[in-house]
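Residue-level listing of the chains:
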Amino acid sequence: MTSKTIYSSQAFSVMRRFAATLSITALLLSTFAVGLSAQNMKAPTGKSAAKLSEDQRILHVLNRLGFGARPGDLERLKAMGVENYISQQLFPDKIDDATAETKLQNLETLRMSTAQLYEKYPQPGQLLRQLQRRGDLPADLAAARDNRAKGGANATPNAGAPKTGDANSPRGSGEMQGPGMEKTNEAAKNNTAPANTDANPMNNAEYRRAVMEYFKENNLRPAQFMTGELQMSRILRAVYSERQLQEVMVDFWTNHFNVFAGKGADRWLLISYDRDTIRPHTLGKFYDLLRADAESPAMLFYLDNFQSVSPNAQTPQQRPGVARGPLAQLMRGGNASPSMTNNPQQRRPQQQQRRGINENYARELMELHTLGVDGGYTQKDVQEVARCFTGWTIFAPRGAGAAAQAITDGRRLEMLRDNAGKFYFNARVHDDGEKIVLGHKIPAGGGAKDGLMVLDILAHHPSTAKFIATKLVRHFVSDDPPPSLVDRVAQTFIKSDGDIREVLKAIFFSPEFNSPDAYRAKVKRPFELAISSLRTLGAETNGGPQMHQWIARMGQPLYGFQTPNGYADVAENWVNTGALLERMNFALALVSNRIPGTRVDLSRFVGDFANDKSVDKEKLLDRFITLLVGGEISAKTRETLLKQLNDQVTVPALPRMQTVSSGAPVNPFETAFQRGNLPAPGGPQQQQQQQERQPQPGRQLASVNAATIDNPLVKIAGLILGSPEFQRQ
């Protein structure tokens, strides 16, 4: 069969699948179009004549302050009262969250320092270079390396080894792939061999197997575990946590202070970023969050500020006693990789060429983190702010050689654990001259205080209050934030000294938030849709790789947005034919139990119908509509759903209702590693593919359509999850 024939067959299959779901997709598009037009209309003045019913307000609060209602939540909130629930959510530390914490017990990376992550999850290329430099490269790795060097990355293929793109291949798994993989893949498409494949050692089956065996023998693990386990933790917490507002705010601030996992060392630094920077400050003072973010190694690396130094910085002079011990040796270079040192004179030539002030962080700090693009700053302010943050850097930013040194020299292991990947201020490379920022004078000789003064100026600037208020109101109320509410929230921000908790209270208890105009006015983003689907169905999940891939396939891979502005928070960025089709595919795959690691038990919804030979389709449909969307669905949607069913529906034999597990799910990454393969989380490496709405080659995710489903319960549940009513919150 020719490639042209294969392509035509694949194209026909896609067209047939699309045609099978055309009616429901057309319904989604038409309904969304009406909704978007309504959102763009001018907001009515004064309070709306109509009010939300008690059930509507409860569902509204559960959808906005959290990720949707679980079975039984509606009744629970009726008993405790909506106001009491909101007040409780604003103080998450007082909420017992033992179930969610138990779910995370098998995710080891969440409890490790960055230095420990560098040691146990090394980048293979760096590890092998360090072992070779020290003369400790094991014979099997040396032989595999020599064989690769003679014949290229794909020399001596192993017939039993997975090919690139196979389900067991490490494709998309980041560091285990090695750099330059994209060029190799492109060459494969064109049937041409790459000119130099030496940069792709992990493409060679023998070499990859030798590295994996070395990892097992030395209790090391592949670097993609870190991003994968972090994604798992986000999903598990969002699904199972009682601290729902906390998780919503983690999602909000993580997106506001976006960091891309695919950039170098940020794969290692994001664990601490989530645990130590974002989570402790979600509901505190904005200044504290801003400072924590400015000092976070993840942000310093992502926006290159860790390399920003004064062009006039002098070569450090040697002082007696300074250069003693392994830590000092690492700071100077010593046996460590040149990229590991923070002494500018010891860096590699390409790093020396980049010496000087870097304006990336200064610009994004004002444009995206505080003032907003129209916040009143100038290019001169950007330059002055950049000067203030020179010397804000990271010790051993890439952790190069940490694992190799730890294996052979226990003395250095302790030093690395205490210091690698940590923030520190390097006074030697700081521009200590006077600066003027937004009209405020920053006196000369301030050192690290220069940056702190800038953060204080920005955190208390009126433009910051307006910018943060606008983003929060847009997120919690509507895509078109009511100006009067934004103004009131901004004033609360100013009066409360940037107290995020007080700002949120001003939103949640406002007439605008509790109005019919805000009810189901927001379109769920992919992460919100996936989590709300799991919660609504009472599903059990391990939060594993297949769920990551579905979220990415719908367009929102966690930590996968390359630019600092983060994912959009308005419907128009998420509503199009391709995106809605993927959402329908996800819904049908979920209720069909075709997502490994996730199980749905529909018997909980129709237990009393089990003894009936046949059930009127309208009764069954109405039961699911009540349970999944609170009984509220448009006549057009209901009519379309009815057309998908026969006049009489035979309820299939139902298994005994499953009991929700309270234990920690098995870690799928560790399981796959022990079996010799690696699941690739849907993350940064897949971003371009997801944006093009193309599944990963050779790793097609399960897709189903309504026309091929025999089980009426599955069909009804899937179509309702894909309906406009469920897609909105």
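Coordinates for the structure precede this section.
Residues numbered from 1 in each chain as written. Predicted model: local features only at pLDDT ≥ 70, side-chain atom pairs only at ≥ 80, totals over all residues. Heavy atoms only, no water.

## Some words on the overall build of the chain
- What the chain contains, in helices and strands, is 35 helices and 8 strands.
- Counting every position in the chain, which comprises 729 residues, the buried fraction comes to 57%.
- Residue pairs in contact within the chain that sit at least 24 positions apart in sequence constitute 79% of those at least 6 positions apart.
- Summed over its atoms, the accessible surface of the chain is roughly 30,300 Å², and 49% of this surface lies on carbon and sulfur atoms. (Helix = DSSP H or I, 4+ residues; strand = E, 2+ residues; numbered from the N terminus. Buried < 20%, exposed > 50% of the residue type's maximum accessible area, 1.4 Å probe, protein only. Contact = heavy atoms within 4.5 Å. Areas by Shrake-Rupley, 256 points an atom, 1.4 Å probe, with all protein chains shown as cover.)

## Some remarks on helix α27 (residues 526-537)
- Helix length check: α27, at 12 residues, gives a terminal C-alpha distance of 17 Å against a target of 16 Å (1.5 Å per residue), a fit within 8%.
- A large share of α27 lies buried, amounting to 12 of its 12 residues.
- Inspection of α27 places P526, F527, E528, L529, A530, I531, S532, S533, L534, R535, T536 and L537 among the buried residues, and these make up the whole buried set.
- Trailing α27 by a residue or two, G538 shows a phi angle of about 65°, which is positive. (Expected span 1.5 Å × (residues − 1).)

## Here we look at the pattern of salt bridges
- Evaluation of the coordinates by the stated rule reveals 33 salt bridges.
- In this structure, K522 and D479 form a salt bridge, with 2.7 Å as the shortest nitrogen-oxygen distance. Of this pair, K522 sits in the loop between α26 (500-508) and α27 while D479 sits in the loop between α24 (462-476) and α25 (483-495), and the two are 43 residues apart along the sequence. Take K522 and D479: they sit in the same class, and that class is buried.
- D569 is the partner of R525 in a salt bridge, and the nearest nitrogen-oxygen pair spans 3.9 Å. Taken as a pair, R525 in the loop between α26 and α27 and D569 in the loop between α28 (545-553) and α29 (577-591) lie far apart in primary sequence, 44 residues in all. Comparing R525 with D569, the two get one shared label, buried. (Salt bridge = Lys/Arg side-chain N within 4 Å of Asp/Glu carboxyl O.)

## Let's talk about the nonpolar core
- M249, W253, F389, L504, I507, F508 and F624 are the most contacted members of the largest nonpolar core, which has 166 residues in total.
- Take this core: its biggest share by element is 9 residues, from helix α12 (residues 224-240). (Core = buried A, V, L, I, M, F, W, Y, C linked by side-chain atoms within 4.5 Å.)

## Some words on the environment of L236
- Assignment of secondary structure puts L236 in helix α12.
- Its relative accessible area of 0% is what places L236 among the buried residues.
- Filtering out sequence-adjacent residues up to four positions away, L236 remains in contact with K103, L104, L107, S241, T541, N542, G543 and P665.

## Focus on the packing of α12 against helix α14 (residues 266-278)
- One can describe the packing of α12 onto α14 by two numbers: an axis separation of 8 Å at closest approach and a directional angle of 25°. Taken as axis vectors, α12 and α14 run roughly parallel relative to one another. Once α12 is placed against α14, the crossing between them reads as left-handed. From α12, Q224, M226, T227, L230, R234 and R237 reach across to α14, where they touch R267, W268, L270, I271 and D274. (Axes fitted to C-alpha atoms, helices over the stretch in contact; angles between N-to-C directions. Parallel < 35°, antiparallel > 145°, perpendicular 65-115°, else oblique. Left-handed = near helix turned anticlockwise from the far one by under 90°.)

## Looking at α12
- Compared with the 24 Å implied by 1.5 Å per residue over 17 residues, the 24 Å span of α12 between its first and last C-alpha is a close match.
- For α12, a buried count of 17 out of 17 residues is recorded, marking the element as mostly surrounded by other parts of the structure.

## Let's talk about the side chain of S308
- Mapped onto the elements of the fold, S308 is located in the loop between α16 (297-302) and α17 (325-332).
- Once residues lying within four places of it in the same chain are set aside, the contact partners of S308 are G356, I357, N358, A386, T390 and G391.

## Quick notes on the packing of aromatic side chains
- Applying the stated criterion across every chain, the model contains 19 aromatic pairs.
- With 6.1 Å between their ring centres and 45° between their planes, Y567 and W574 make a pair best called tilted. Of the two residues, Y567 and W574, both sit in the buried class.
- Joined through ring pairs, the aromatic side chains of F252, W253, F257, F286 and F493 make up one cluster.
- When the ring centre of F673 is taken as origin, the NZ or CZ atom of K216, which lies over that ring, is 5.6 Å away. (Phe/Tyr/Trp six-rings, centres within 6.5 Å; stacked < 30°, edge-to-face > 60°. Lys NZ or Arg CZ within 6 Å of the ring centre and 35° of its normal.)

## Thoughts on unusual backbone geometry
- With a phi close to 70°, D304 is a non-glycine residue in the positive phi region.
- Tracing the backbone through its elements, the reader meets D304 in the loop between α16 and α17.
- Judged by its relative accessible area of 15%, D304 is buried.
- A positive phi is found at A396, a non-glycine position, where the angle reads about 45°.
- As for its placement among the helices and strands, A396 is situated in the loop between β1 (392-394) and α21 (402-408).

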